[in-house]
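Here are the chains, one letter per residue:
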Protein chains: 2
Amino acid sequence: MDFHLAALKAFVSAARESSFSRAADCLHLTQPGLSKRIRSLEDALRVELFDRIGRRTVLTEAGRAFLPYALRILAEAEQAGQLLRSLQPAQIGKLHLATTQHIGLYYLKPLLAEFVRQYPGIDLTVDFKTSAETHKLLCQGELELGFMSEPPLHEQALEYVEVLNERLCFAVAQQHPLALLEALTLQDLARYPALLPGSNTRCRRLIENLFQQHATPLDVREPSNYLEALRMLVEAGLGWSALPEVMISSGLCRLPLPQYEPARTIMLAYHRKVSLSGPARLFLEWLKEHPPGLHSVA
Amino acid sequence: MDFHLAALKAFVSAARESSFSRAADCLHLTQPGLSKRIRSLEDALRVELFDRIGRRTVLTEAGRAFLPYALRILAEAEQAGQLLRSLQPAQIGKLHLATTQHIGLYYLKPLLAEFVRQYPGIDLTVDFKTSAETHKLLCQGELELGFMSEPPLHEQALEYVEVLNERLCFAVAQQHPLALLEALTLQDLARYPALLPGSNTRCRRLIENLFQQHATPLDVREPSNYLEALRMLVEAGLGWSALPEVMISSGLCRLPLPQYEPARTIMLAYHRKVSLSGPARLFLEWLKEHPPGLHSVA
DNA sequence: CATCTCCATAATGATTTGGAATGGATTTTC
DNA sequence: GAAAATCCATTCCAAATCATTATGGAGATG
């Protein structure tokens with residue numbers, strides 16, 4: 001009897017979610033991937049852990065019996081990890097990083113909280129900058145690590161690490177006329193003002209390109225570079241915008257234009273030639289094992 | 001942090017043995033294999049678990065700290081396995097198997113003890129037969145499973161599973177003249193009577209072939225088919241014999257002829273066309289995960 | 001100094017794993 | 001009741017991992 005801890009995590013996650021696909025999302029895995037991890041665990045234990053009856057998946061009796069053991073094993077492993085970290089020579093030093101407001105607010109907060117909890121010796125400074133500012137600071141070597149949306153041109157001197165992908169949705173206020181229409185086209189959108197960030201942002205380019213491809217002129221207003229501010233203005237009914245999925249709040253209406261929704265990549269960048277400090281290397285390594293995602297927002 | 005339970009076992013075993021190579025033997029693994037399992041665990045935990053100082057390998061402080069967690073995790077897994085087995089529909093029925101005296105005595109005893117402990121519902125019958133008898137019974141369908149040394153001809157109708165390999169050593173009594181010689185040749189051996197089992201045994205054939213290849217005539221006595229009996233006669237000083245390594249007891253002297261020591265394979269066989277009973281299938285499966293070896297004799 | 005033992009590394013072949021695409025089954029919706 | 005959507009299994013393929021053999025280096029041994 002011999003299995004991977006990852007299989008245990010898959011099992012626990014699936015049991016908790018009562019769904020393979022949701023569990024797969026949680027673990028940043030595809031559904032077939034998770035399916036196979038569970039199968040491998042079942043093979044190792046020579047027991048069916050789940051009843052797959054049609055749409056519903058429920059733990060079998062054996063599954064229910066095994067769950068507490070799985071939890072204990074994972075807890076032991078977690079504790080062991082904590083202990084071993086505490087035994088290591090304390091990781092201390094300064095870590096300076098920059099992020100856009102949006103990334104910091106929606107993805108980074110829980111991540112950084114967990115990081116400083118694990119490494120209390122690290123003196124973390126976070127600057128909120130626009131992607132363009134961050135980019136420049138990195139090139140000049142005045143910043144170690146920076147989160148940004150994907151820049152239009154990748155700088156030779158910088159190394160980019162993809163962190164996550166984000167879908168931009170078209171949104172208006174609930175009371176906006178567009179919210180009432182059944183079927184929408186880009187032309188419908190174009191009849192109302194668009195509230196977009198500055199033209200050096202990825203977001204702005206994505207939308208402008210989209211409309212250009214469909215030969216539709218666009219009435220762009222540029223009230224702010226900050227997505228938070230744009231959302232507020234959209235909620236106030238001043239126009240429509242394209243906002244990341246996670247920002248769609250109850251005051252907004254997401255327009256049903258899924259085929260046009262562009263995606264943008266959020267990246268972490270650092271200078272190739274500037275050798276990273278210990279804390280920075282640590283953070284990079286740590287980030288690999290703690291991929292940020294929507295689940296940490298919820 | 002994510003590792004394979006097999007890596008934990010490797011770690012525990014290496015810690016217990018204070019040696020990678022011995023640990024590898026215990027786990028029926030090669031030394032580089034075990035080495036890499038340990039390395040993978042160290043990578044996952046980001047800690048060195050062993051100090052490799054020259055010949056000696058000792059646990060690091062981190063290793064000592066981790067060991068109790070590893071033991072607890074493995075214990076939990078073991079318990080979980082027990083529980084799941086107990087939940088399964090009771091495995092009951094008759095299991096009839098045959099074995100040579102030697103295999104039964106030296107390898108099977110602890111194995112069968114563990115098997116009946118895990119599956120108390122199974123009514124186990126073990127017959128002691130020679131390999132040839134077992135072979136015949138299997139072919140006639142009068143026996144489900146049989147352990148035997150590798151037969152000279154594989155029967156088409158039978159399926160053979162390799163169970164383990166055994167090295168045959170040349171042995172004499174402590175007081176025998178051969179025990180005193182420094183350098184030995186096969187010719188030296190040939191000057192004294194050989195005590196070997198019947199000519200339909202693998203063991204006999206291996207030795208006769210060996211001497212034939214070296215064009216050395218052999219004085220064979222055939223006092224018994226049973227290796228136990230042969231050993232007794234060798235100990236009494238009646239001649240030399242080739243006995244499995246595990247049989248070399250304190251009264252015997254193993255002759256230093258390693259380059260001539262033949263190996264024989266011990267097999268488990270069953271009839272291809274006779275569909276196996278539940279308990280027999282269970283035993284076959286179970287055997288895969290509980291490979292017999294010297295460690296179970298000790 | 002030669003030899004032995006023990007562990008690490010390199011190279012290779014076999015097995016396993018993860019992902020995209022697809023299919024079958026069932027529930028939901030209209 | 002038909003269509004759509006949801007959910008899991010399967011298949012295929014590429015990439016990663018694993019175990020083995022062969023080899024090398026570093027300490028112990030004599």
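Calculation notes
Residues numbered from 1 in each chain as written. Chains lettered and ligands numbered in written order. Predicted model: local features only at pLDDT ≥ 70, side-chain atom pairs only at ≥ 80, totals over all residues. Heavy atoms only, no water. Near = heavy atom within 4 Å. Polar contact = N/O pair within 3.5 Å; in protein donor to acceptor, adjacent residues only side chain to side chain. Domains from an automatic or database assignment. Contact = heavy atoms within 4.5 Å. Buried area = accessible area lost by both parts, 1.4 Å probe. Helix = DSSP H or I, 4+ residues; strand = E, 2+ residues; numbered from the N terminus. Nonpolar A, V, L, I, M, F, W, Y, C, P; charged D, E, K, R; others polar. Salt bridge = Lys/Arg side-chain N within 4 Å of Asp/Glu carboxyl O. Buried < 20%, exposed > 50% of the residue type's maximum accessible area, 1.4 Å probe, protein only. Pairing = 2+ DSSP bridges. Least-squares fit on C-alpha atoms with pLDDT ≥ 70 in both.

Draft legend 1. Representation of the protein's contact with DNA strand C. In the neighbourhood of DNA strand C, 17 residues make up the surrounding shell, with Lys36 and Arg37 of chain A together with Ser21, Ser35 and Arg52 of chain B lying closest. When atoms of DNA strand C within 4 Å of the protein are split into backbone and base, the sugar-phosphate part holds 69%. Here Thr30 of chain A contributes a side-chain N or O atom positioned 3.2 Å from a phosphate oxygen of DNA strand C. Gln31 of chain B is positioned with one of its side-chain polar atoms (N or O) 3.1 Å from a base nitrogen of DNA strand C.

Draft legend 2. Structural view of the domain arrangement of chain A. Residue and element names in this part refer to chain A. Looking at chain A, the domain boundaries give domain 1 (5-87), domain 2 (93-164 + 265-296) and domain 3 (166-262). Computed from C-alpha coordinates alone, the two centres of domain 2 and domain 3 are separated by 28 Å. On the side of domain 3, 11 residues touch domain 2, which itself brings 14 residues to the contact. In total, domain 2 and domain 3 occlude about 1,100 Å² of area from one another, counting both sides; carbon and sulfur atoms represent 59% of this.

Draft legend 3. Representation of the protein's contact with DNA strand D in the model. Contacts to DNA strand D come from 19 residues, most closely from Ser21, Ser35, Arg52 and Arg55 of chain A together with Arg37 of chain B. The contact atoms of DNA strand D, taken as those within 4 Å of the protein, divide so that sugar and phosphate hold 67%. Within the contact set of DNA strand D, a phosphate oxygen lies 2.9 Å away from a side-chain nitrogen or oxygen of Thr30 of chain B. Between DNA strand D and the protein, one listed contact pairs a base nitrogen with a side-chain N or O atom of Lys36 of chain B at 3.2 Å. A per-element tally of the surface near DNA strand D places helix H3 (residues 31-45) of chain A first, with five residues. Residue composition of the surface near DNA strand D, grouped by class: four nonpolar, eight polar and seven charged.

Draft legend 4. How the structure looks around the pattern of salt bridges. Tallied over the full model, the rule gives 38 salt bridges over all chains. For Glu261 of chain B, the salt bridge identified is with Arg254 of chain B, shortest N-O distance 3.0 Å. Owing to a relative accessible area of 10%, Glu261 of chain B belongs among the buried residues under this scheme. Each of the salt bridges in this network shares a partner with another, and the network as a whole consists of Arg39, Glu42, Glu48 and Arg52 of chain A.

Draft legend 5. Region of interest: the pairing of strand S5 (residues 145-149) of chain B. Residues and elements named next belong to chain B. A large share of S5 lies buried, amounting to five of its five residues. By the alternation rule, side chains of S5 split into Leu145, Phe147 and Ser149 and Gly146 and Met148, which are all buried. Sheet topology note: the strand S3 (residues 93-99)/S5 ladder contains two bridges and is parallel. Note that in S5 the partner of Ala98 across the bridge is Gly146. Bridge count between S5 and strand S11 (residues 263-271): four bridges; the pairing is antiparallel. Within S11, the residue paired with Ser149 across the bridge is Ile266.

Draft legend 6. Spotlight on unusual backbone geometry. Positioned with a positive phi, Arg46 of chain A is a non-glycine residue whose angle comes to about 55°. Within the secondary structure, Arg46 of chain A is located in the loop between H3 and strand S1 (50-53). Here His28 of chain B, not a glycine, exhibits a phi torsion of approximately 55°, which is positive. Positionally, His28 of chain B belongs in the loop between helix H2 (20-26) and helix H3 (31-45). What makes His28 of chain B partly exposed here is its relative accessible area of 39%.

Draft legend 7. Spatial organisation of the interface of chain A and chain B. Counting residues at the interface gives 29 residues for chain A and 29 residues for chain B. When chain A packs against chain B, the two sides together hide about 2,900 Å² of surface, and 62% of this comes from carbon and sulfur. Here chain A and chain B share six salt bridges between them. When the shortest N-O distance is used, the salt bridge between Arg46 of chain B and Glu285 of chain A registers 3.7 Å. Taken together, the links from chain A to chain B amount to 11 residue pairs in polar contact (both at pLDDT 80 or more).

Draft legend 8. Representation of the relation of the copies chain A and chain B within the structure. Expressed as a screw operation, the relation of chain A to chain B combines 0.3 Å of axial shift with a rotation of 180°, fitting to an RMSD of 0.2 Å. The transformation relating the two chain copies, once decomposed into turn and shift, fits a two-fold axis. Of the C-alpha atoms belonging to chain A, the one lying closest to the rotation axis is found on His4 of chain A, 2.1 Å away. Most of the interface of chain A is mirrored in chain B, where 100% of its interface residues again form contacts.

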